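# Breakdown of the fold
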Amino acid sequence: MTDNEIRDKVKNVLVEWFEVGPEQIIPGAELRKDLDFDSLDTVDFVVALEKEFKFKIIRSEDESAIRAMRTLSDVFAFIKEKLKQKADS
Amino acid sequence: MSNSVLICLNIFYYLYILVITIVFEILSHLVIIPCIILRIRKIDDIYRIHNWAYGQLIVRASRPLLKMKVEGIERLPDTRPLVVVFNHNTYVDIFFTALIPVPNMLIVVKGWPFRVLLGINFFMRMAGYMDIEELGAEEFIKRSKELVKRKVSFQFFPEGHRSHDGSLGRFKSGAFLLAAENNIPLVPVCMTGIEKFQTSTFPFIHPSTVTLRVLSPVFPENFKGELRSLEMRKHVKNMFMEAMNELR
């Protein structure tokens, strides 16, 4: 999956499920400050990403990466890594 | 109404509320303190009921200035606990939520009320209200499961903050995740007219009519799949928008 495809899918999730305006979806957008996410929104967001990208979150392995996500760039990088793990397994 | 009349009205109103508050706190603590000593109920339960009773009192005592309509109470499920969600326009919304007859209701908020509302934050802490920002997702889910076992209901303003223009903001996940995780009914309540009673930016009150409409409860078991809390959220938001269009 290309970077643009990842971005488009994340954009779909944010617009469809989190009422985020497309203009807000830029790599540098901060989840808390710009998209007004709290920790529970992040839980839902990760569930939606799992469904969209068809990967599985493994709590013991992924929890620290999820906690570290601050911006959409971090989200894109996390998804890329999960897709790579899925392809390798 | 002229400005000078409005100013006099507000001075009188806030003095009147202050006197009622002092009398209520004295009388209520004559009951609360023995209940705590005798361990009749847990302290947080007692203070949630205290806060609910205070909200009821303040709103009903404001009757000369407020016409109130509460519709749809018969839609409230008999079972407890519930998750009750309200739209959010003003600082005083929280008092009007007490018109819903669910006394043991824990309010989940986002940070600022604990930091800013001096004096009131004592009663919030005693009632065990939860600050999402402070707790984080994992601790919130863990604590809420314990409270569900005690049949404590939950109250959210899913927009997370006041609307400054009366429109419905983005809904946050907390209420819907909690209802879905614990399989408890979620009851939306639409409030209108409070933004005319007190504007969202300044505590100046105006005579007005306030309507609370209890909408049909939403049951998590009617939503399937991994995204069910998100689907619930979307469904409830649509319910609010429909109700607000009808009421305005």
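Residues numbered from 1 in each chain as written. Chains lettered and ligands numbered in written order. Predicted model: local features only at pLDDT ≥ 70, side-chain atom pairs only at ≥ 80, totals over all residues. Heavy atoms only, no water.

This part takes up the overall build of chain A. The secondary structure content of chain A amounts to four helices and zero strands. Its C-alpha atoms give chain A a radius of gyration of 12 Å, near enough to 12 Å, the size a compact globule of 89 residues would have. Each of the three principal axes of chain A carries a C-alpha extent, and together these read 35 × 25 × 20 Å. Each of the 89 residues in chain A was classed as buried or not, and the buried ones make up 42%. Across chain A, the fraction of contacts at a sequence separation of at least 24, relative to all contacts at a separation of at least 6, is 61%. Put simply, chain A shows about 5000 Å² of open surface, and 50% of that area lies on carbon and sulfur atoms. Considering chain A, the positive charge centre built from 15 side chains and the negative charge centre built from 20 side chains are found 4 Å apart. (Helix = DSSP H or I, 4+ residues; strand = E, 2+ residues; numbered from the N terminus. Rg over C-alpha atoms; globule rule 2.2 N^0.38 Å. Buried < 20%, exposed > 50% of the residue type's maximum accessible area, 1.4 Å probe, protein only. Contact = heavy atoms within 4.5 Å. Areas by Shrake-Rupley, 256 points an atom, 1.4 Å probe, with all protein chains shown as cover. Lys, Arg positive; Asp, Glu negative; His and termini not counted. Charge placed at Lys NZ, Arg CZ, Asp CG, Glu CD.)

All names here are of chain B. A sheet is described by the order of its strands in space; here seven strands give the open sequence 1-7-6-2-5-3-4, paired in mixed fashion. Two strands in the sheet have a free side with no partner beyond their single neighbour: strand 1 (66-71) and strand 4 (130-131). Where strand 6 (residues 186-192) lies against strand 7 (residues 208-214), four bridges are found, and the strand directions are antiparallel. Each residue of the ladder has a partner; that of Met191, found in strand 7, is Leu212. (Pairing = 2+ DSSP bridges.)

On to the packing of helix 1 (residues 3-37) of chain B against helix 2 (residues 43-61) of chain B, then. A pair of packed helices is characterised by two quantities: the angle between their axes and the separation of those axes. All names here are of chain B. Contact geometry of helix 1 with helix 2 gives a least axis separation of 11 Å together with a crossing angle of 155°. Between helix 1 and helix 2, the crossing angle belongs to the class labelled roughly antiparallel. For the element pair helix 1 and helix 2, the recorded crossing hand is right-handed. From helix 1, Tyr16, Ile17, Ile20, Thr21, Phe24, Glu25, Ser28, His29, Ile32, Cys35 and Ile36 reach across to helix 2, where they touch Ile43, Ile46, Tyr47, His50, Ala53, Tyr54, Leu57, Ile58 and Ala61. Across the contact of helix 1 with helix 2, the residue classes break down as 15 nonpolar, four polar and one charged. (Axes fitted to C-alpha atoms, helices over the stretch in contact; angles between N-to-C directions. Parallel < 35°, antiparallel > 145°, perpendicular 65-115°, else oblique. Left-handed = near helix turned anticlockwise from the far one by under 90°. Nonpolar A, V, L, I, M, F, W, Y, C, P; charged D, E, K, R; others polar.)

With that settled, consider the nonpolar core. Nonpolar side chains in soluble globular proteins tend to end up buried together. Residues and elements named next belong to chain B. Counting 44 residues, the largest nonpolar core has Val83, Phe140, Phe154, Phe156 and Leu186 as the members making the most contacts within it. Sequence-distant contacts of Val83, that is, excluding residues within four places in its chain, are made with Phe154, Phe156, Ala175, Leu178, Ala179, Ile184, Pro185, Leu186 and Val187. Of all hydrophobic cores here, the second largest spans 30 residues; its members include Leu66, Met105, Ile205 and Leu212. (Core = buried A, V, L, I, M, F, W, Y, C linked by side-chain atoms within 4.5 Å.)

On to helix 1 of chain B. Residues and elements named next belong to chain B. In this model, helix 1 (35 residues) spans 50 Å end to end at C-alpha, consistent with the 51 Å of a helix rising 1.5 Å per residue. Maximal helix bending in helix 1 amounts to about 30°, located at His29. The inward-facing, buried residues of helix 1 contact helix 2, helix 5 (120-126) and helix 8 (194-197). Immediately downstream of helix 1, the backbone of Arg39 shows phi near 55°, a positive value. (Expected span 1.5 Å × (residues − 1). Bend = angle between axes of the 7 residues up to and from the residue.)

With that out of the way, let us pick up unusual backbone geometry. All names here are of chain B. The omega angle of the peptide bond from Arg80 to Pro81 is 10°, so this bond is cis rather than trans. Mapped onto the secondary structure, Pro81 falls in the loop between strand 1 and strand 2 (83-86). Unusually for a residue other than glycine, Arg39 sits at a positive phi of about 55°. Within the secondary structure, Arg39 sits in the loop between helix 1 and helix 2. Owing to a relative accessible area of 73%, Arg39 belongs among the exposed residues under this scheme.

A surface patch of nonpolar side chains, about 1000 Å² in accessible area, is lined by Ile7, Ile11, Leu15, Leu18, Val19, Ile22, Val23, Ile26, Leu27, Leu30 and Val31 of chain B. With relative accessibility at 51%, the residue Ile26 of chain B sits in the exposed group. (Patch = residues over 30% accessible without salt bridge, like charges linked within 9 Å, V, L, I, M, F, W, Y side chains within 5 Å. Salt bridge = Lys/Arg side-chain N within 4 Å of Asp/Glu carboxyl O.)

Read these as layout, nothing more, since geometry by itself doesn't imply function.
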